[in-house]
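So the chains spell out like this:
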Amino acid sequence: MSSPDLNLLPTLDALLAEGSVAGAARRLGLSPSAMSRALARLRAATGDPLLVRAGRGLVPSPRALELRERIGSLVQEAEAMLRPARRLRLKQLQRRFTLRSREGFVENFGARLLQRVAAEAPGVQLHFLPKLDKDSAPLRDGRVDLETGVVAADSGPELRTQALFRDRLVGVVRPGHPLSRGRVTAEQLAAARHVAVALQGSGPEAIDTALAALGLQRELAATVGGFAAALALVRDAELVACVPERHTGSLRAGLHSFALPAELQIGTLTISLLWHPRWDGDAAHRWLRGCVQEVCGDSEQGCTHRG
């Protein structure tokens, strides 16, 4: 069965509104003969005469009367869908956005982001979710609007990414720990007892790879699933944790942080914003991305399309 010709909907709307072929033709800028042919196609498509001769005029059939109640709003809604989006009015915007991130993002940037959003769009709510793995399915199926993190090689190739800021790993110990005094060497770092952060969906930690290249291996006392847990152990035990500096800024309050030995040659991390391309044309989503960028980003970073 062939699909109906949806181009006939405006014609049907004009015919039912005008009640005459000539009036509908003038309304749509067509000739009367072209409108007569369109009416014949509508009759064939609906299986109904729609407009019936009555004296010198036409009267609507019962089916036409039923359709007339709905066709006008349907055509207007369809036309609105095909027009450019209206200018975004932030003060009237009522919407809930879901953002997924690793530990530390909300603690370091959440309050400032909420303040920025509330000042511009008080009707917008932010729902923060913990990022427990690198699975991009929540972005693809719409459960998550935005996500932050290091872009993985196996992330969905269709995802959009925008670099937010660069970060680096630092060592963290409690005050008075032997590594809190003076420059730390690779050998000293490896000899200390560590608490490792094992994030689901991630490979070996960069610190392990760097130490292995020097023939060293750190002593692991514990492994945890997040930065907050690692730093909580460091706060109350003679342990060292290696965590992203900027991402854990507030979590490290009261602890001693130190630069990792230069010979480990651990580069910087790029924390990015990720979203699905379905939101590229959404003005409200674009505005929120700009808010996140301004609150925690490096302005010189641009948007890229992976794939």
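The rules behind each value
- Per chain, the residues get numbers from 1 upward, laid out in the order the sequence is written.
- In keeping with the predicted nature of the model, local features appear solely for residues at pLDDT of at least 70, side-chain atom pairs appear and are counted solely at 80 or more, and the whole-chain, interface and lining totals rest on all residues.
- Excluded from the side-chain calculations are hydrogens and water; all other atoms, namely the structure's heavy atoms, are used.
- The buried label applies to any residue whose accessible area, calculated with a 1.4 Å probe on protein chains only, is under 20% of its type's maximum; exposed applies above 50%, and partly exposed to all values in between.
- Secondary structure follows DSSP: runs of H or I at least 4 residues long count as helices, runs of E at least 2 residues long count as strands, and numbering of each begins at the N terminus.
- Think of it as the arc spanned by the lines of direction from the helix axis to the C-beta atoms.
- When checking whether two residues touch, look at their non-hydrogen atoms; a contact exists if any pair is within 4.5 Å.
- Only the stretch in contact is used when a helix axis is fitted, and all axes are lines through C-alpha atoms; the angle between N-to-C directions ranges over 0 to 180 degrees.
- For classification purposes, angles smaller than 35 degrees are called roughly parallel, those larger than 145 roughly antiparallel, those between 65 and 115 roughly perpendicular, and all remaining angles oblique.
- Strand pairing requires that DSSP identify at least two bridges connecting the strands.
- Residues belong to a common nonpolar core when they are buried Ala, Val, Leu, Ile, Met, Phe, Trp, Tyr or Cys residues joined through side-chain atoms within 4.5 Å.

*Asks:* Just to check I follow, could you spell out helix α9 (residues 227–236) for this structure?
*Replies:* Each turn of an α-helix holds 3.6 residues, which means side chains three or four residues apart point in the same direction. Where α9 is concerned, the buried positions are Phe-227, Ala-230, Leu-231 and Val-234. An end-on view of α9 places all buried positions within 90 degrees of arc, on one side of the element. Contact partners of the buried residues in α9: β7 (169–173), β8 (193–197), β9 (219–224) and β10 (241–244).

*Asks:* What should I look at first to understand the packing of helix α2 (residues 21–28) against helix α3 (residues 32–46) in this one?
*Replies:* Angle between the axes and distance between the axes: these two values describe a pair of packed helices. Between α2 and α3, the shortest axis-to-axis distance is 9 Å and the interhelical angle comes to 110 degrees. Put simply, α2 runs roughly perpendicular to α3. For the pair formed by α2 and α3, the contact residues are Val-21, Ala-24, Ala-25 and Leu-28 on the first element and Pro-32, Met-35, Ser-36 and Leu-39 on the second.

*Asks:* Mind showing me how you'd approach the packing of helix α1 (residues 8–18) against α3 here?
*Replies:* Where α1 contacts α3, the two axes come as close as 10 Å, and the packing angle between them is 105 degrees. Comparing the axis directions of α1 and α3 gives the class roughly perpendicular. The residues of α3 that touch α1, namely those facing Leu-8, Thr-11, Leu-12 and Leu-15, are Met-35, Ala-38, Leu-39, Arg-41 and Leu-42.

*Asks:* Which parts of the structure should I look at to understand unusual backbone geometry?
*Replies:* What you tend to see is this: most non-glycine residues have negative phi, and most peptide bonds are trans. Of note in this structure, Leu-50 is not a glycine but carries a positive phi near 65 degrees. Inspection of the secondary structure assignment puts Leu-50 in the loop between α3 and β1 (51–54). By relative accessible area, which is 1% here, Leu-50 ends up buried. Unusually for a residue other than glycine, Gln-265 sits at a positive phi of about 50 degrees. Inspection of the secondary structure puts Gln-265 in the loop between β11 (256–259) and β12 (269–275).

*Asks:* Looking at this structure, how should I read the sheet that holds β10?
*Replies:* The pairing of strands in a sheet happens through backbone hydrogen bonds and is either parallel or antiparallel. With antiparallel pairing, three strands are arranged side by side in an open sheet as β10-β7-β11. The open sheet has two free edges, formed respectively by β10 and β11, since each of these has just one partner strand. Across this sheet, the average inter-strand angle for adjacent strands is 40 degrees, counted without regard to direction.

*Asks:* Sorry if this is basic, but what is going on with the environment of Ser-33 here?
*Replies:* With respect to the helices, strands and loops of the structure, Ser-33 is situated in helix α3. For the pair Ser-33 and Ala-22, spaced 11 residues apart in the sequence, the C-alpha separation amounts to 9.0 Å.

*Asks:* In this structure, what is going on with the nonpolar core? I would like to understand it.
*Replies:* One broad rule of soluble globular proteins: the nonpolar side chains tend to lie buried together. Core analysis: the biggest nonpolar cluster contains 25 residues, and Trp-287, Leu-288 and Val-292 have the highest contact counts within it. Within the residue set of this core, elements represented by two or more residues are β3 (95–101), α5 (105–120), β4 (124–130), β6 (160–167), β12 and α10 (283–296). The contact partners of Val-292, leaving out residues within four places of it in the chain, are Leu-99, Phe-105, Leu-113, Leu-146, Leu-164, Leu-273 and Gly-297. Ranked by size, the runner-up nonpolar core spans 18 residues in total, among them Leu-8, Leu-15, Leu-39 and Ile-71.

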